[in-house]
Structure formats: C-alpha cells, structure tokens
Amino acid sequence: MKQIIDLKNWNFKIDSLHFEKQVTLPHTWNVDDNMQVQLYRGRSEYSTEVEIDLLKNKTAVLYFGCAFHTAEVYVNGAFAGVHKGSGYTPFEFDITAYLTEGKNSILVTVDNYKNNEMLPHALDYDWADDGGLIRNVTLAICDNNDLFDMSVTYTIESMTDTVCSGVMDIAVHCIPQAAEIEIVDFKTNETVIHRSVFIDSVISFPFENLKLWNTESPNLYIVKIKSDSDEISKRIGFRTIEIKDTKVLLNGKSIYMKGCEWMPGSHPEYGMAEPFEHSVKCLSQLKNAGCLFTRFHWQQDTSIFDWCDENGLLVQEEIPYWGHPKKATPLQLAIAKEQADAMVHYHAHHPSIICWGVGNELGGRTKETIQYVNTMYDYFKFKDPTRLVNYVSNTLSFKKFLAKDDAAKHGDIAMWNEYLGLWQPCSNVKKTILETHKRCGNMPSMVTEFGLCEPHFKGGDERRTEILLQRIPIYKSLPNMVGYVWFSLNDYRTHCGEAGEGKMKQRIHGSTDLYADEKPSYKVFAEIE
C-alpha cells in the first residue's frame with residue numbers, strides 16, 4: 001500500500017537578498033511583506049527533510065502541482081530533474097535512486113525571471129508573475145506491485161435525457177495482477193458496477209443506464225481499482241460535447257454559455273498561492289451570477305477542476321501562449337505540445353473541461369499563427385478526440401483584416417475578444433460586431449472577452465455596467481452566437497498593470513475587487529439571463 005507524504009513545510013531563502021524564513025506550501029515570495037522580496041524576480045531555494053523507513057522493493061515519486069516557472073530538484077545533493085518551459089503544469093520525478101533509509105534532504109530551486117524559452121513567453125502575459133512552489137508537493141512511497149496510475153475513457157453508444165450506456169476502457173499502470181473494479185456513485189456512495197478482473201492491459205467492459213453529467217445535474221462516479229495490496233481511484237462524469245451545424249451540443253442538446261472569466265492569484269495576501277477556500281469564493285461568484293462557462297488563460301490545479309465538476313461549470317483550459325511572439329517558432333510549438341500532453345494526462349478525467357485552448361491574442365491573421373493553430377488543433381484531437389479545441393483571436397474584428405483569414409476560424413468555435421471602442425478603435429460598435437460575427441461564416445461564434453479596463457479607460461464601474469447592458473443584447477440577437485464571456489469577474493494582479501505598485505500592481509477590470517468584494521456591476525451581470 002502506497003504512502004503519500006504531503007510536503008508542506010519548507011525552508012525558503014533568496015541568497016542574493018540574504019533572506020531566509022520557514023514557509024508552508026503553497027507559497028510565493030512575491031506577496032511577502034518585505035518589499036525587496038516582494039519585488040524580487042530570480043532564483044530562490046526551497047529545502048526540506050523527509051524520513052524514509054524502508055526502501056527495499058519500493059518506488060518513490062516526487063509530485064509537484066506546479067512551480068513557477070523553472071524548477072531544478074536535488075535529492076541528498078544529487079540532481080534529480082528539471083522542469084522548464086511551463087510554470088503551471090504538474091510534473092513528477094522518480095527519485096528512488098537518490099533516497100536512503102533515514103533522513104533525506106530535498107532542495108528545489110525555483111526561478112521566475114523572465115524567460116524566452118517558455119510559455120507564457122518572457123513577460124508577454126497579463127497576470128501576476130509570482131514565483132514559488134505555488135501548489136502542493138507530495139512524495140509517494142510505493143511497493144513495486146502497487147497500482148500506480150490509471151486512465152479512464154468511455155464511448156457513449158446511447159443516451160436519454162438523463163442516462164447513458166456504452167463501453168468503458170480502463171488502463172492501469174502496474175504489474176499484471178488480479179484486481180477488482182468498483183464504480184461508485186459520488187453523491188449516494190452506491191456501488192453501481194462491481195467485477196473481478198486481471199489487469200494486464202486495457203480493460204474494456206459495457207455499462208448501462210449511468211447518469212449523465214451536465215450543468216444542472218453534475219453527476220459523478222468514482223472508478224476504483226483494488227488489488228490485494230493497494231487501491232487507486234479516478235473520478236469521472238459521463239457526457240458528450242460536440243459541434244453540430246452552428247450549435248454546441250452538450251449530451252445532444254444545444255447550450256448557450258453565459259460566461260465570465262476569473263483571474264486567480266489576485267488577492268494581495270495570497271497571490272498565486274491562494275488557498276482553495278478563497279478560490280471557491282470566486283468560483284461560487286461565477287455560479288451565483290448564472291454562469292455556465294469560464295476560461296482559464298493558464299492551467300489550474302486539479303482541485304479547481306474538481307469544484308467545477310461538482311458544480312457543473314463548463315471550462316476551457318488554455319495553453320498560456322498569450323500575445324507574443326506573434327509568429328510561433330518550432331520552440332513555441334514544442335513547448336505547446338509538452339503542455340498539451342500534461343493537460344490531457346492530468347486533467348482529461350474532468351467532465352467540466354469541454355475545450356482545450358491553444359493560445360490567446362497572437363497574430364491571428366498571419367500564416368504562421370494559422371499553421372500553429374492547425375497543428376495544435378490536430379495534436380489535441382489526436383490526444384483527446386472527446387473535446388473541442390479553440391484559439392482566441394483579437395484580430396477577427398479589425399476592419400483592415402476583413403479580407404484575410406483568421407486563426408479563430410480554425411478552431412471548433414470562432415472565439416474572439418471584443419473591445420470595440422476601447423482597445424480596438426471603432427466608430428460604430430454594433431455594426432462592427434455584426435460584421436465580425438458574419439465573418440465567422442457557418443460556424444459557432446463566441447465573444448470570449450469584453451469589458452472595461454481602468455485606469456487606461458475612464459468611466460469606472462458605471463461605464464462597466466453600461467457596456468454589459470449594451471453588448472449582451474447584441475450578442476444574444478446573433479443566430480450563430482453560442483455564448484459570451486465577461487472579462488473579468490475580478491480586478492486582478494498583473495505585472496503589466498496600470499494601477500498600484502509591488503504586489504498591488506493590478507488592472508481594474510472586474511466586477512469584484514482584488515479581495516473578491518462585489519461592485520454594483522456584479523449584481524447587474526448576475527441579473528442578466
């Protein structure tokens with residue numbers, strides 16, 4: 001039976017600042033009360049010790065929820081691995097060869113200095129560049145015959161409004177052995193399927209009349225695999241998502257996705273290491289406002305998607321390729337594929353994730369970006385054909401590009417950010433929205449950002465309310481429009497913000513403030529159906 005050790009307590013230091021303290025994970029130094037530390041961008045060190053009783057016939061795996069952005073890991077002074085190119089995807093190392101029985105030291109260096117060889121690229125992104133071990137770190141000590149990891153996929157062959165039948169495939173990483181499969185209703189704890197199997201490769205078996213997952217009834221099941229010595233589980237939900245004509249169908253039914261984007265890591269006391277309880281407060285504000293959909297510009301922790309699964313909030317999780325470079329090089333493509341692999345591996349069991357996103361606001365009319373989107377569309381579809389794949393454009397509504405192709409039209413949904421009359425100069429907003437929507441042709445369309453950013457633009461929350469009341473009726477009048485995303489739920493911390501200094505540097509863009517306190521425009525948004 002495996003032992004999971006939660007490595008919460010670490011010694012943290014920044015040598016160049018002669019700064020050292022004890023910290024508890026998750027942690028970022030960029031919200032520290034010490035202003036020098038708060039403003040520091042560069043290399044830091046986290047160190048801890050762990051006691052190991054027995055190692056014979058054992059395997060030890062060190063798991064990181066993420067580290068922003070480049071991490072080197074040393075165990076008992078030996079280099080055990082490096083994770084780079086991505087600051088928000090989970091990663092893990094087999095560190096068995098570096099451990100000894102008794103006390104073991106683990107040292108992790110984390111560097112958040114701007115980097116051209118990663119996504120997000122350099123400082124070309126609009127959120128906080130908080131460095132640190134900003135999610136959990138665990139050490140799993142496993143017997144060699146333990147059940148390590150599992151993946152669950154399924155094909156729905158028939159369904160009614162509430163239940164479905166089909167075939168389930170379960171792949172388990174372990175040595176061949178006898179085991180039992182148990183499928184349990186998450187809400188009722190009732191066992192709905194139980195069978196004995198021999199695990200050697202993929203196990204396939206039919207299922208009948210299991211409840212569908214949707215936004216109103218987010219039914220979930222726990223798939224358990226039990227051997228004589230170990231047990232693993234994965235939580236799933238049964239649903240289909242597809243495009244038919246100009247509609248998005250969830251379980252065969254057309255949906256209209258009222259949406260809003262929340263920018264995590266914005267509370268000044270927590271930064272990107274914010275506790276789950278505060279995340280739940282913000283996610284609940286989305287649901288309480290009647291939202292069915294949200295998008296994340298960067299990858300989130302699995303606990304966030306667990307909440308979305310349980311509460312029926314649809315999600316687009318995106319590779320954080322934002323803004324630049326406008327023309328993707330082989331390096332950006334390689335990093336994007338690595339991140340896609342991690343997203344599918346760690347998050348594909350979440351029914352709430354209905355879309356993968358490949359980028360935001362690149363050079364959408366250039367042949368290089370279009371080729372990048374086409375390549376990543378095919379790559380995601382090969383890895384996971386059960387979800388939609390999209391690119392978010394900020395060039396689709398530019399009049400000077402109306403005669404050109406745009407990368408937004410190379411996803412499943414034509415997604416575009418609409419800041420007409422604001423970031424995008426425009427004399428007739430309604431006319432341009434209609435022209436842009438028409439440009440999407442015979443495919444579903446979705447405005448994935450609209451709103452007011454202060455202090456760059458004036459008018460305060462009153463003007464924010466005016467934009468809500470003006471734009472949404474236009475969007476809802478368009479026949480192929482499948483939803484919209486208000487940007488954003490909250491004012492948010494960002495290294496490129498126009499207001500505040502240090503950890504308070506921010507964009508005033510939300511219907512709540514940095515602390516998640518609601519402004520008048522939140523109530524207006526919540527009352528819009």
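We now turn to the structure provided with this report.

Rules and cut-offs
- Residues numbered from 1 in each chain as written.
- Predicted model: local features only at pLDDT ≥ 70, side-chain atom pairs only at ≥ 80, totals over all residues.
- Heavy atoms only, no water.
- Helix = DSSP H or I, 4+ residues; strand = E, 2+ residues; numbered from the N terminus.
- Rg over C-alpha atoms; globule rule 2.2 N^0.38 Å.
- Buried < 20%, exposed > 50% of the residue type's maximum accessible area, 1.4 Å probe, protein only.
- Contact = heavy atoms within 4.5 Å.
- Areas by Shrake-Rupley, 256 points an atom, 1.4 Å probe, with all protein chains shown as cover.
- Lys, Arg positive; Asp, Glu negative; His and termini not counted.
- Charge placed at Lys NZ, Arg CZ, Asp CG, Glu CD.
- Pairing = 2+ DSSP bridges.
- Axes fitted to C-alpha atoms, helices over the stretch in contact; angles between N-to-C directions.
- Parallel < 35°, antiparallel > 145°, perpendicular 65-115°, else oblique.
- Left-handed = near helix turned anticlockwise from the far one by under 90°.
- Nonpolar A, V, L, I, M, F, W, Y, C, P; charged D, E, K, R; others polar.
- Phe/Tyr/Trp six-rings, centres within 6.5 Å; stacked < 30°, edge-to-face > 60°.
- Core = buried A, V, L, I, M, F, W, Y, C linked by side-chain atoms within 4.5 Å.
- Disulfide = S-S within 2.5 Å.
- Patch = residues over 30% accessible without salt bridge, like charges linked within 9 Å, V, L, I, M, F, W, Y side chains within 5 Å.
- Salt bridge = Lys/Arg side-chain N within 4 Å of Asp/Glu carboxyl O.

This part takes up the overall build of the protein. When helices and strands are counted, the protein shows eight helices and 30 strands. Here the protein has a C-alpha radius of gyration of 24 Å; the compact-globule value for 529 residues is 24 Å, and the two agree. C-alpha atoms of the protein, sized along the principal axes, occupy 75 × 65 × 40 Å. Every one of the 529 residues in the protein was classed for burial, and the buried ones make up 60%. Sequence-distant contacts, at least 24 apart, represent 70% of the contacts inside the protein between residues at least 6 apart. When the accessible surface of the protein is split by element, carbon and sulfur atoms take 50% of a total near 21,000 Å². Averaging the positions of the 54 positive and the 71 negative side-chain charges in the protein gives two centres separated by 8 Å.

Right, let's talk about the environment of Q332 for a bit. One can find Q332 in helix α4 (residues 330-347). Once the C-alpha coordinates of Q332 and H121 are considered, the two residues, 211 residues apart in sequence, prove to be 8.7 Å apart. Sequence-distant contacts of Q332, defined by excluding residues within four places in its chain, comprise N116, L119, H121, Y321, P325 and K327.

For the rest of this paragraph, the subject is the sheet that holds strand β12 (residues 163-173). Strand order in the open sheet formed by three strands is β11-β12-β15, and the pairing between neighbours is antiparallel. Taken across any chain shown, the strands that pair with only one partner, and hence form the sheet edges, are β11 (149-159) and β15 (203-211). Between one strand axis and the next, the sheet turns through 25° on average, direction left out of account. For β12 and β15, the ladder comprises seven bridges, and the chain directions are antiparallel. Across the sheet, the residue bridging to C164 is L210, located in β15.

The N-to-C vectors of α4 and helix α5 (residues 367-383) enclose an angle of 25°; their axes lie 10 Å apart at closest approach. Accordingly, the angle class assigned to the pair α4 and α5 is roughly parallel. In this structure, α4 meets α5 at a crossing whose hand is right-handed. For the pair α4 and α5, contact is made by L333, A336, K337, A340, D341, M343 and V344 and by Y372, T375, M376, Y379, F380 and K383, respectively. Residues that form the contact of α4 with α5 fall into these classes: nine nonpolar, one polar and three charged.

This part covers the packing of aromatic side chains. The description of an aromatic ring pair rests on the distance of the ring centres and on the angle between the ring planes. This model, assessed by the stated rule, comprises 29 aromatic pairs. Centroid distance Y154 to F238: 4.8 Å. Interplanar angle 55°. Geometry classified as tilted. Remark: F238 occurs in the loop between β17 (231-236) and β18 (241-244) and Y154 occurs in strand β11; sequence separation between them is 84 residues. Residue class for Y154 comes out partly exposed when judged on its relative accessible area of 21%. Looking at F238, the relative accessible area reads 0%, which means it is buried. Grouping aromatic residues by their ring pairs yields a cluster made of W10, F12, F19, W29, Y40 and Y46.

Another point: the nonpolar core. If you look at the biggest cluster of nonpolar residues, it comprises 79 residues, and the most contacted ones within it are L283, M376, F380 and F450. Ranked by the residues each element gives to this core, the list is headed by α5, at six residues. Residues contacting M376, with those up to four places away along its chain left out, are I319, L333, A336, K337, A340, V358 and V389. Counting residues in each nonpolar core, the second largest holds 34 residues, with F19, L99, V108 and I141 among its members.

Here we take up the pairing of strand β7 (residues 78-83). Pairing of strand β6 (residues 70-75) with β7 involves five bridges; the strand directions are antiparallel. Within β7, the position partnered with V75 by the bridge is A78. Hairpin connection of β6 to β7: two residues between the antiparallel strands, including N76 at a positive phi of 50°.

In strand β8 (residues 91-94), alternate side chains face the same way, and those of F91 and F93 are buried while those of E92 and D94 on the opposite face are not. In the sheet, strand β5 (residues 58-64) pairs with β8 via four bridges, with the strands oriented antiparallel. Opposite L62, over in β8, you have F93 as the bridge partner.

Counted under the stated rule, the structure contains zero disulfides. No disulfide involves C66; its sulfur sits 17 Å from the nearest other cysteine sulfur, which is in C308. Given the relative accessible area of 0%, C66 is considered buried. Free cysteine: C164, not disulfide-bonded; nearest cysteine sulfur from C355 at 20 Å. Overall, C164 belongs to the buried group, its relative accessible area being 1%.

Taken together, the side chains of K327, R365, K367 and K404 define a basic patch exposed on the protein surface. Among the secondary structure elements, K404 is positioned in the loop between β25 (388-393) and β26 (414-417).

Keep in mind that these numbers describe shape and distance, not what the molecule does.
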